Amino acid sequence: MSMIKDLHVTRRAVLKGAGALVVTISVPVSAARTPARAKGGAGVKPPLKPDELDSFVKIAEDGRVTAYFGKMDMGQGVDVAIGQIVAEELDVPFERVTVVMGDTAHTVDQGGGSGSTGIQRGGVPLRNAAAEARRILLELAAIRLKTPARYLTVADGVIAVTGEAARKVSYSELIGGHYFNVKLVWNKKMGNRLVSTGKAKPKKPEQYKVVGTSAPRNDIAGKVFGTSDFITDITVPGMLHGRTVRPPKAGAAPVGVDESSIKHIPGARVVHEGDFLGVVATKEWDAVKAAETLKVAWSKVAPPFPDQKDLYDHIRRTPTLKAKLKAKDTGDVDRAFKGAAKIIEAEYEWPFQSHASMGPACAIVEAKDGEATVWTGSQKPHSTAEGVAKILKLKKDQVRGIWVMGPGSYGRNDAGDGAMDAAILSKAVGRPVRIQGMRHEGTGWDPKAPASIHKVRGGFDAEGNVIAYHFHSKAFDRQNVRSRESHPSHTLAGQLTGYALKPRKIFRTPNESYRFPNKRMGWEIIPPLLERASPLRTSHFRDPLGPQVHFASESFIDEMALAVGADPVEFRLKYIKKRIDARVVKAVAEKVGWKPRVGPANKPGGTGTVTGRGIAYAQRNGAVLAIVAEVEVDRKTGRVWPRKFTIAHECGLIVNPDGLRRCIEGNIVMATSRMLWEEVMFDNDRVTSVDWETYPILESMEAPEEIDIVLIDRPNIAPKGAGEPSTRPVAGAIANAFFDATGVRLRRAPYTPERVKAALG
Amino acid sequence: MAERISLNVNGVSHDLEVDPDMPLLYALRNDLGLSNPHFGCGLAQCGACTVHMNGEAIRSCVTPVSAAKGARITTLAGLGTPEKPHPMQQALIDEQAPQCGYCMNGWIMTAAAFLEKNRRPSDGQIRKALAGLKCRCGTHMGIIRAVKRAAKAMG
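Quick notes on the rules
- Residues numbered from 1 in each chain as written.
- Chains lettered and ligands numbered in written order.
- Predicted model: local features only at pLDDT ≥ 70, side-chain atom pairs only at ≥ 80, totals over all residues.
- Heavy atoms only, no water.
- Helix = DSSP H or I, 4+ residues; strand = E, 2+ residues; numbered from the N terminus.
- Rg over C-alpha atoms; globule rule 2.2 N^0.38 Å.
- Buried < 20%, exposed > 50% of the residue type's maximum accessible area, 1.4 Å probe, protein only.
- Contact = heavy atoms within 4.5 Å.
- Areas by Shrake-Rupley, 256 points an atom, 1.4 Å probe, with all protein chains shown as cover.
- Lys, Arg positive; Asp, Glu negative; His and termini not counted.
- Charge placed at Lys NZ, Arg CZ, Asp CG, Glu CD.
- Domains from an automatic or database assignment.
- Buried area = accessible area lost by both parts, 1.4 Å probe.
- Phe/Tyr/Trp six-rings, centres within 6.5 Å; stacked < 30°, edge-to-face > 60°.
- Lys NZ or Arg CZ within 6 Å of the ring centre and 35° of its normal.
- Axes fitted to C-alpha atoms, helices over the stretch in contact; angles between N-to-C directions.
- Left-handed = near helix turned anticlockwise from the far one by under 90°.
- Nonpolar A, V, L, I, M, F, W, Y, C, P; charged D, E, K, R; others polar.
- Pairing = 2+ DSSP bridges.
- Salt bridge = Lys/Arg side-chain N within 4 Å of Asp/Glu carboxyl O.
- Polar contact = N/O pair within 3.5 Å; in protein donor to acceptor, adjacent residues only side chain to side chain.
- Core = buried A, V, L, I, M, F, W, Y, C linked by side-chain atoms within 4.5 Å.
- Expected span 1.5 Å × (residues − 1).
- Disulfide = S-S within 2.5 Å.

Q: Just to check I follow, could you spell out the overall build of chain A for this structure?
A: Scanning chain A for helices and strands turns up 20 helices and 28 strands. Since a compact globule built from 761 residues should have a radius of gyration of about 27 Å, the 29 Å found for chain A is in line with a globular shape. When its C-alpha atoms are laid out on the principal axes, chain A stretches across 90 × 75 × 50 Å. Relative to its 761 residues, chain A shows a buried fraction of 65%. For chain A, long-range pairs separated by at least 24 residues make up 79% of all intrachain contacts whose partners lie at least 6 apart in sequence. Here chain A displays about 27,200 Å² of accessible surface, and carbon together with sulfur accounts for 52% of that area. Positive and negative side-chain charges in chain A, numbering 111 and 85 respectively, have mean positions lying 6 Å apart.

Here it is as structure tokens:
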């Protein structure tokens, strides 16, 4: 208590007129008081709101720093970058910072994993809060050391009088274990757009010592020694194991459930609510057996899906649900085409794709006494908790969401559905329930990336200049269900218990800076094939619509270059408007020693193995990418092997170069998998891609030999996202390299061996 | 239905009362609390559940627990620890390879068994030995680098 008094006296004395100090003091009374509490006394934690500094940063008694991050790391190391940013602004060693994320009780909702904005947006309040914390600590130190803040120096969490190292005080001594109780200015937005700002000005890039270094990940050891938990490893006392029972035909509802058919399985019980059907048992294996054994009579439904071979024709002929034909429109496109000396046109096709996460969804929900806790691997745990609250008819603050690393997440995969399934089961049986899908659910019933067709036209004048350009997509909606499971409508369990589908009805256009004088980009979408609990419902999957749209747009850029006898790199550089984009394209061309060429290296025909090289470029939310693929095509087997990728990658300031490189590698390999292998198969009644045989992905034999990464660091540009952007141009580069190698333009993805063989005749 | 089955896992004997047809994976995870092998597919198509049985990498999700009677089972925890890491584990840390990490058990157990037989593998041999394993995050490049690094360390 004496400390409080001392500080008050000191502060009052200061304010009364102890000279120069007065002007530097702007510490709120609460902040000045809090750290002065006797050690061990509990400071009052302010509410978890974005306008509280304590919502983002805490300094423990031992001087360790905890950063509370309301976005997520899914294994690409975003949390490391956040730790670096906080360490940088606070002037503490990186090793002293722990980043807490994914618990709704401890982090404000910054939107979770979303749109590669972990650093781009999520880092902003953390940076501001850490800078503000440092400012407050400096002012507290000024009081303690009786020296104006401007004569103080901070290093490793210790504030000393400049030039008098012995006169010092540590962060721990100033505030360790207590709360700041300092307000931030909050823009009143939650989620991705949340911004909180303090009075402090964050550092300038030239002052950075921690940001820009390759700090290592701290989750890897736990993963390779098996000492850290995945969501699948979480157990709760009294927990039962659950499994869902999905209909054999999409859209069918259970009309008769023979509970006696699982009577012989110990503890097995049926949960049937609305059209939701599941089982629980004490032992997991018993739950698996019960779900397999349960006899169910299903309603008869008309086959909801067209023949797979007619998918693209279905898209072509189905009346439009919503269109934005001129999402971007420059000049007079129609007139320009009319006056064109030459017009070319092509159509590209992309299938449904599955997240097919390494493991199917797992979640645990404990619903009791008007409260609930959900443990989830979803990348948006705040949204998961909100959705669980709604389906359980609870208030948002009655449900706590706790994220635990799941089996991979690259958007709205099945994790969001699993949490709702577990909620229904837990409520029904009055016990905590852990649910884990089987493989056929992970692939067959997860939300899908939408199938699409893209029609592109280019018009040239007599000199071969592009005077008209029109890019048009017709496709399924990008979000039949939202990328956030914050409402039951967006989940299978919700739709099966009476919540209607609420599709978002939008698509996207390419992101590039080609300056064509008359340029139009637009889209139209068609209704979902099945309105309720569809295994082909669409939602966001890594770089939503990026791969398909830029497969088409960047393939067509090469087609236009060929039409006017131009080299693909030269043609791009002629039309790219933004200087940074041109710089990125030039960087990759230079790195590979691009040799200008017109037309493919090889003519169609022949059976041997041929090689080719192709380029593609794209932007994504401020990031710019250009990539060159070097592929080998075995014309006999149809195998396409991208032996080498070279990418030039620009995303503003680079926080962690090694982390960025590994993130880019993963993006490129996954995007290659999608371009070469991935196509959700279905028949008239069901999705028939139900495992890794029926939904193959890239394996080690098909992985590239080399990925060469050129990072373009722009320290004075705020960091942009990198978790998805390099996914975007990969398909186009492979397509263009395939054309170079074979002389055949293949406009339908994926480039499976069968499709390639058929295309090469 | 349940049967008394004795399992030797990581050098320790355990007596279990379990359905003999239940996959070994469930016995390891739920009955013995050894959660390193993961459920990925239940179909021997991804490798996340891999353990060693008498030194061979096997898929525990399709191996009936009864088939493990009398065998020497090793899980990831038995392969190496933070204090005494297996070279493959150390190599993955050095390469900072895993992302979500859910599949890592399979890659480590498969690579470790492979490296016991081939200490100087070529790039092609490594890729072939790892065929059939899945990694959805696309960390193949880092994993292959790690296998090469581990091979060097193992001499």
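Having seen the model, we can carry on.
Q: I keep staring at the environment of Ile144(B) and nothing clicks. Help me out?
A: With respect to the helices, strands and loops of the structure, Ile144(B) is situated in helix H6 (residues 140-154). In this structure the C-alpha to C-alpha distance between Ile144(B) and Cys100(B), which are 44 residues apart in sequence, comes to 17 Å. Beyond its immediate chain neighbours, meaning those up to four positions away, Ile144(B) contacts Ser700(A), Asp123(B), Ile126(B) and Arg127(B).

Q: Even after reading the chapter, I still don't get the domain arrangement of chain B, so can you show me in this structure?
A: The parts lose accessible area when they come together, and the size of an interface is often stated as this lost area. All names here are of chain B. Domain parsing of chain B yields domain 1 (3-79) and domain 2 (87-154). Here domain 1 and domain 2 have C-alpha centroids that lie 21 Å from each other. With 21 residues of domain 1 in contact, the opposing surface of domain 2 contributes 13 residues. Of the roughly 1,300 Å² buried at the junction of domain 1 and domain 2 (both faces included), carbon and sulfur atoms supply 55%.

Q: What is the right way to look at the packing of aromatic side chains in this model?
A: Scanning the model with the defined rule gives 15 aromatic pairs over all chains in all. With a centroid separation of 5.1 Å and an interplanar angle of 50°, the aromatic rings of Trp285(A) and Tyr26(B) are classed as tilted. Linking Trp285(A) in helix H8 (residues 284-293) with Tyr26(B) in helix H1 (residues 24-31), this pair reaches from one chain into another. Tyr26(B) gets classed as buried once you look at its relative accessible area, which sits at 5%. With 6.4 Å between their ring centres and 80° between their planes, Phe551(A) and Tyr751(A) make a pair best called edge-to-face. Placement of Phe551(A) in helix H15 (residues 546-563) and of Tyr751(A) in the loop between helix H19 (730-742) and helix H20 (753-760) is noted, with a sequence separation of 200 residues between them. Neither Phe551(A) nor Tyr751(A) differs from the other in exposure class; each is buried. Each member of the aromatic cluster is reached from another via a ring pair, and the members are Tyr469(A), Tyr514(A), Phe516(A), Phe556(A), Phe571(A), Tyr575(A) and Tyr617(A). Across the ring face of Tyr179(A), the terminal group of Lys58(A) is positioned such that the distance to the ring centre comes to 4.5 Å. In this structure, Arg745(A) is placed above the aromatic ring of Phe739(A), and the distance from its NZ or CZ to the ring centre is 4.7 Å.

Q: Any chance you could explain the packing of helix H11 (residues 381-391) of chain A against helix H12 (residues 415-429) of chain A here in plain terms?
A: Helices that pack against each other are described as a pair by the angle of their axes relative to one another and the distance between those axes. All names here are of chain A. The geometry of H11 relative to H12 is characterised by a closest axis approach of 10 Å and an angle of 35° between their N-to-C directions. With respect to the hand of their crossing, H11 and H12 are arranged in right-handed fashion. Counting all contacts with H11, which are made through Thr384, Gly387, Val388 and Ile391, the residues of H12 involved are Ala419, Met420, Ala423 and Ile424. Residue classes in the contact of H11 with H12 are distributed as six nonpolar, two polar and no charged.

Q: How do you make sense of the sheet that holds strand S11 (residues 269-273) of chain A when you look at a structure like this?
A: Sheet strands pair by backbone hydrogen bonding; their relative direction is either parallel or antiparallel. Residues and elements named next belong to chain A. Spatially, the seven strands line up as an open sheet ordered S11-S12-S9-S20-S17-S18-S19, and their pairing is mixed. Of all strands in the sheet, those bounded by a partner on one side alone are S11 and strand S19 (399-403). This sheet shows a mean twist of 25° between the axes of neighbouring strands, independent of strand direction. Here strand S17 (residues 362-368) runs beside strand S20 (residues 433-436); their pairing, made up of four bridges, is antiparallel. Bridge pairing in S20 places cysteine 362 opposite glutamine 436. The strands touched by H8 are strand S9 (240-244), strand S12 (276-281) and S20; relative to S9, the strand with the most contacts, the crossing angle is about 25°.

Q: So what exactly am I meant to see when it comes to the interface of chain A and chain B here?
A: Across the contact, 63 residues belong to chain A and 57 residues belong to chain B. For the pair chain A and chain B, the summed buried surface comes to about 4,700 Å²; carbon and sulfur atoms form 58% of the total. Summed over the three residues of chain A that lose the most area to chain B, namely Phe225(A), Trp285(A) and Met358(A), the buried surface amounts to 18% of that side. Counting the contacts that link chain A with chain B gives six salt bridges. Salt-bridge contacts for Asp19(B) lead to Lys289(A); the nearest nitrogen and oxygen are separated by 3.0 Å. Our enumeration of links across chain A and chain B arrives at 32 residue pairs in polar contact (both at pLDDT 80 or more). Per-element tally for the side of chain A that touches chain B: the top contributor is helix H18 (residues 657-676) of chain A, with seven residues. Residue classes in the side of chain A that touches chain B are distributed as 29 nonpolar, 15 polar and 19 charged.

Q: Explain the nonpolar core to me, please; I cannot follow it from the model alone.
A: Side chains of nonpolar character tend, in soluble globular proteins, to be buried together. Of all hydrophobic cores here, the largest spans 145 residues; its most connected members are Leu90(A), Ile159(A), Leu7(B) and Leu24(B). Both of domain 1 (3-79) and domain 2 (87-154) of chain B provide at least three residues apiece to this core. Not counting the four nearest positions on each side in its chain, Leu24(B) is found in contact with Leu7(B), Val51(B), Met53(B), Ile58(B), Ser60(B), Thr63(B), Pro64(B), Val65(B), Ala68(B) and Ile73(B). In terms of nonpolar packing, the next biggest core, distinct from the first, is built from 87 residues, Val456(A), Phe507(A), Val569(A) and Ile712(A) among them.

Q: What is the right way to look at helix H4 (residues 104-117) of chain B in this model?
A: Since the α-helix advances by 3.6 residues per turn, residues separated by three or four positions end up pointing in the same direction. Residues and elements named next belong to chain B. An ideal rise of 1.5 Å per residue puts 20 Å on 14 residues; H4 measures up with 20 Å between its terminal C-alpha atoms. Most of H4 is tucked away: twelve of the 14 residues are buried. Taken together, the buried positions of H4 are occupied by Met104, Asn105, Gly106, Trp107, Ile108, Met109, Thr110, Ala111, Ala112, Ala113, Phe114 and Leu115.

Q: It is not clear to me how unusual backbone geometry should be interpreted in this structure. Could you clarify?
A: Keep in mind that most residues, glycine aside, have a negative phi and that most peptide bonds are trans. Cis peptide bonds are those with omega within 30 degrees of zero, and the linkage from Ala749(A) to Pro750(A) qualifies with 0°. Locating Pro750(A) in the fold gives a position in the loop between H19 and H20. Here the phi dihedral of Asp91(A) falls at roughly 60°; this positive angle occurs in a residue that is not glycine. Unusually for a residue other than glycine, Asn54(B) sits at a positive phi of about 50°. With respect to the secondary-structure elements, Asn54(B) resides in the loop between strand S3 (50-53) and strand S4 (56-59). Its relative accessible area of 45% is what places Asn54(B) among the partly exposed residues.

Q: Would you mind showing me how to read the sheet that holds strand S6 (residues 164-170) of chain A here?
A: Residue and element names in this part refer to chain A. One open sheet accounts for three strands, arranged S4-S5-S6; its pairing is antiparallel. Sheet topology places strand S4 (152-155) and S6 at the edges, where each strand pairs with a single neighbour. Within this sheet the neighbouring strands show an average axis-to-axis angle of 35°, counted without direction. In the sheet, S4 pairs with strand S5 (residues 158-161) via four bridges, with the strands oriented antiparallel. Considered in S5, the bridge of valine 154 is made with isoleucine 159.

Q: What should I look at first to understand the pattern of salt bridges in this one?
A: Where charged atoms from two side chains of opposite charge approach closely, those side chains can pair. Residue and element names in this part refer to chain A. Here the structure, examined in full by the defined rule, presents 68 salt bridges over all chains. Glutamate 284 is the salt-bridge partner of arginine 243, the closest N and O atoms lying 2.8 Å from each other. Here the residue arginine 243 occupies a position in strand S9, and glutamate 284 occupies one in helix H8, the gap between them amounting to 41 residues. The pair formed by arginine 243 and glutamate 284 is uniform in burial state, with each residue classed as buried.

Q: Got a minute to help me understand the state of the cysteines in this structure?
A: Note on terminology: disulfide describes a covalent bond linking the sulfur atoms of two cysteines. Residues and elements named next belong to chain A. All told, the structure shown has zero disulfides over all chains when counted by the stated rule. As a non-bridged cysteine, cysteine 651 has cysteine 663 as the owner of its nearest cysteine sulfur, 8.9 Å distant. According to the relative accessible area criterion, cysteine 651 is buried, its value standing at 3%.

Q: It is not clear to me how the side chain of Arg613(A) should be interpreted in this structure. Could you clarify?
A: All names here are of chain A. Structurally, arginine 613 can be placed in strand S25 (residues 609-620). Among buried Asp, Glu, Lys and Arg side chains, arginine 613 stands out as unpaired, with glutamate 630 the closest opposite charge at 4.2 Å. Engagement of the side chain of arginine 613 in a polar contact is seen with the backbone oxygen of glycine 593, the distance being 3.5 Å. If we skip the residues at most four places from it in the chain, arginine 613 touches Val592, Gly593, Trp594, Lys595, Arg597, Val628, Ala629, Glu630, Asn736, Ala737 and Asp740.

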